[in-house]
Amino acid sequence: MKRYLVRQAGTVLASLLVLVIATFAIVQLIPGDPARAVAGVDASQEQVEQVRENLGMNKPLFVQFMTYLHGLITGNLGRSFRTNEAVTDIIATRLPYTADVALLAIILTFIAATLFGATVAIGTYANKRKWLDSSFNWFTGLVASVPEYVSAAVLVAIFAITLHLFPAAGAESVSSWVLPTIALSLAPTCTVSRVVRREMSRILTEDYMRTARGWRIGTIKLYAKYALPNAMVSTLTLSGLVLTGMLGGAIIMENVFAWPGMGRAVVEAILTKDFPVIRGIVMVLGIIAILLNTIIDISLRLIDRRILQENRG
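Remember, predicted model here, so these are calculated numbers, not experimental data.

Draft legend 1. Region of the structure containing the confidence of the model for the protein. In this model, the protein carries a mean pLDDT of 83, and residues with pLDDT of at least 70 account for 95%. Low pLDDT, under 50, characterises residues 306-313; the predicted model gives this stretch nine contacts beyond four residues in sequence or across chains.

Draft legend 2. Main features of the side chain of Thr294. Structurally, Thr294 can be placed in helix H12 (residues 275-303). Reaching out from Thr294, the side chain makes a polar contact with the backbone oxygen of Ile290 at a distance of 2.8 Å. Not counting chain neighbours up to four residues away, the residues in contact with Thr294 comprise Gln8 and Val12.

Draft legend 3. Local environment of the packing of aromatic side chains. Under the definition given, this model contains six aromatic pairs. Note on Phe24 and Phe65: the rings are 5.3 Å apart at their centroids and 75° apart in plane angle, and the pair reads as edge-to-face. Within this pair, whereas Phe24 is found in helix H1 (residues 2-26), its partner Phe65 is found in helix H4 (residues 61-74), the two being separated by 41 residues in sequence. Exposure class is identical for Phe24 and Phe65. Each is buried. Grouping aromatic residues by their ring pairs yields a cluster made of Phe24, Phe65 and Tyr68. Across from the ring centre of Tyr68, 5.4 Å away, lies the NZ or CZ of Arg279, which sits over that ring.

Draft legend 4. Structural detail: the packing of H1 against H4. Here H1 crosses H4 at 125°, and the two axes come no closer than 11 Å. Relative to H4, H1 is oriented oblique. Crossing handedness for the pair H1 and H4: right-handed. Contacts between H1 and H4 pair Val20, Ile21, Thr23 and Phe24 from the former with Leu61, Gln64, Phe65, Tyr68, Leu69 and Leu72 from the latter. In terms of residue class, the contact of H1 with H4 is built from eight nonpolar, two polar and no charged.

Draft legend 5. Geometry of the environment of Thr74. Assignment of secondary structure puts Thr74 in helix H4. It is 46 Å that separates the C-alpha atoms of Thr74 and Gly117, two residues lying 43 residues apart in sequence. In terms of polar contacts, Thr74 uses its side chain to reach the backbone carbonyl oxygen of His70, at 2.8 Å. Of the polar contacts made by the side chain of Thr74, one reaches the backbone oxygen of Gly71; its length is 3.3 Å.

Draft legend 6. A look at the side chain of Lys273. Along the chain, Lys273 falls in the loop between helix H11 (262-271) and H12. Dropping the residues within four chain positions of it, Lys273 is found in contact with Ile30, Pro31, Gly32, Asp33, Pro34 and Phe81.

Draft legend 7. View of the environment of Arg36. Mapped onto the secondary structure, Arg36 falls in helix H2 (residues 34-39). Owing to a relative accessible area of 26%, Arg36 belongs among the partly exposed residues under this scheme. Separated by 264 residues in the primary sequence, Arg36 and Leu300 place their C-alpha atoms 50 Å from one another. For Arg36, the contacting residues outside a window of four places in its chain are Val41, Ala43, Gln45 and Val48.

Draft legend 8. Quick look at a nonpolar patch on the surface. Taken together, the side chains of Tyr149, Val150, Val154, Ile158, Leu163, Leu165, Ile252 and Val256 make up a nonpolar region of the molecular surface, amounting to roughly 640 Å² of accessible area. Of all the secondary-structure elements, those providing two or more residues to the nonpolar patch are helix H7 (148-162) and helix H10 (219-256). Here the nonpolar patch takes four residues from H7, the largest share from any one element. In this structure, Ile252 sits in helix H10. By relative accessible area, Ile252 is classed as partly exposed at 32%.

Draft legend 9. Representation of the nonpolar core. In terms of nonpolar packing, the biggest core is built from 37 residues, with Met200, Ala227 and Phe257 touching the most fellow members. Here the element with the most residues in this core is H10; it accounts for ten residues. Non-local contacts of Met200, meaning those with residues more than four positions away in its chain, are made with Ala118, Ala121, Ile122, Ala227, Leu228 and Ala231. Ile91, Ala269, Ile281 and Leu285 belong to the second-largest nonpolar core, a separate cluster that totals 18 residues.

Draft legend 10. Region of the structure containing the pattern of salt bridges. Applying the stated criterion across every chain, the model contains seven salt bridges. Between Glu199 and Arg198 there is a salt bridge; the shortest N-O distance is 3.4 Å. Where Glu206 meets Arg202, a salt bridge forms, and the shortest distance between an N and an O atom there is 3.3 Å. Assessed through its relative accessible area of 39%, Arg202 is described here as partly exposed. In the salt-bridge network here, residues are joined through shared partners; they are Arg198, Glu199, Arg202 and Glu206.

Draft legend 11. Structural context of H11. Listing the buried residues of H11 in full gives Met262, Gly263, Ala265, Val266 and Ala269. Each buried residue of H11 lies within a common arc of 160° when the element is viewed along its axis, so the set occupies one face. Lys273 lies just past H11 and shows a positive phi near 55°.

Calculation criteria
Residues numbered from 1 in each chain as written. Predicted model: local features only at pLDDT ≥ 70, side-chain atom pairs only at ≥ 80, totals over all residues. Heavy atoms only, no water. pLDDT = per-residue confidence, 0-100. Contact = heavy atoms within 4.5 Å. Helix = DSSP H or I, 4+ residues; strand = E, 2+ residues; numbered from the N terminus. Polar contact = N/O pair within 3.5 Å; in protein donor to acceptor, adjacent residues only side chain to side chain. Phe/Tyr/Trp six-rings, centres within 6.5 Å; stacked < 30°, edge-to-face > 60°. Buried < 20%, exposed > 50% of the residue type's maximum accessible area, 1.4 Å probe, protein only. Lys NZ or Arg CZ within 6 Å of the ring centre and 35° of its normal. Axes fitted to C-alpha atoms, helices over the stretch in contact; angles between N-to-C directions. Parallel < 35°, antiparallel > 145°, perpendicular 65-115°, else oblique. Left-handed = near helix turned anticlockwise from the far one by under 90°. Nonpolar A, V, L, I, M, F, W, Y, C, P; charged D, E, K, R; others polar. Patch = residues over 30% accessible without salt bridge, like charges linked within 9 Å, V, L, I, M, F, W, Y side chains within 5 Å. Areas by Shrake-Rupley, 256 points an atom, 1.4 Å probe, with all protein chains shown as cover. Salt bridge = Lys/Arg side-chain N within 4 Å of Asp/Glu carboxyl O. Core = buried A, V, L, I, M, F, W, Y, C linked by side-chain atoms within 4.5 Å. Arc of directions from axis to C-beta.

Pasting the structure below:
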């Protein structure tokens, strides 16, 4: 286990290094001149050059990168080109909204996906109810392929505009959280439920499950104690990719619902070419993705000790 943790720490450090380089370089690909955006469309060329000098954008890229790296190490992510507000303050204001709705979506995803996939697997065991199997595959495949912004727009049209059950935008009330959470978890739920269903179907045919049935164990205990934990190993393996994808989906979701989180802030920063805000938010989202994948990977090895034994071998 100790050797594995050392290797995992090395992987995390390498991922962070790539993330730092990527967040610095990615803003260079954004078309347009941020100094012109800050100075204004009516500013003279001399004023634009003065803004560029004040922002340190006239320095060589290597010097700019070292300044950026020093700021990351010291916890200084710079100030917004547009509002002159500290990037750390912007993130501190926006992060709770993104974190809360993402956490709710994650919980909803894994509860719904586990129940949905396991129920279908049990219901179609031994080639029973083939119509249920076909309907499940068709439904989950269709919903999982729908882009987040389409799902969000449909939810708004039905539940906010037509039925007037929930607000269409904003985060002023508890009911405002319902549609963003569902929109963010809809496609991941279908993806994860397909994995749960496949693994549960395989596990139900294992010899130890036949033996457990012969002992006349209660139905709930049979599936909850012997089948479901083994199906969760593969589900956790996929969940790292799913959770990372949900971070990208959060950016789209927040703009559809006018949600005051980091996803909406980074889109606004891209439109105004606010480099420090873009870098800061993308860096934080990247760190969250790396930590989530690392935690899931370690949890997977603690749940299934055979993985550690294979690594040791």
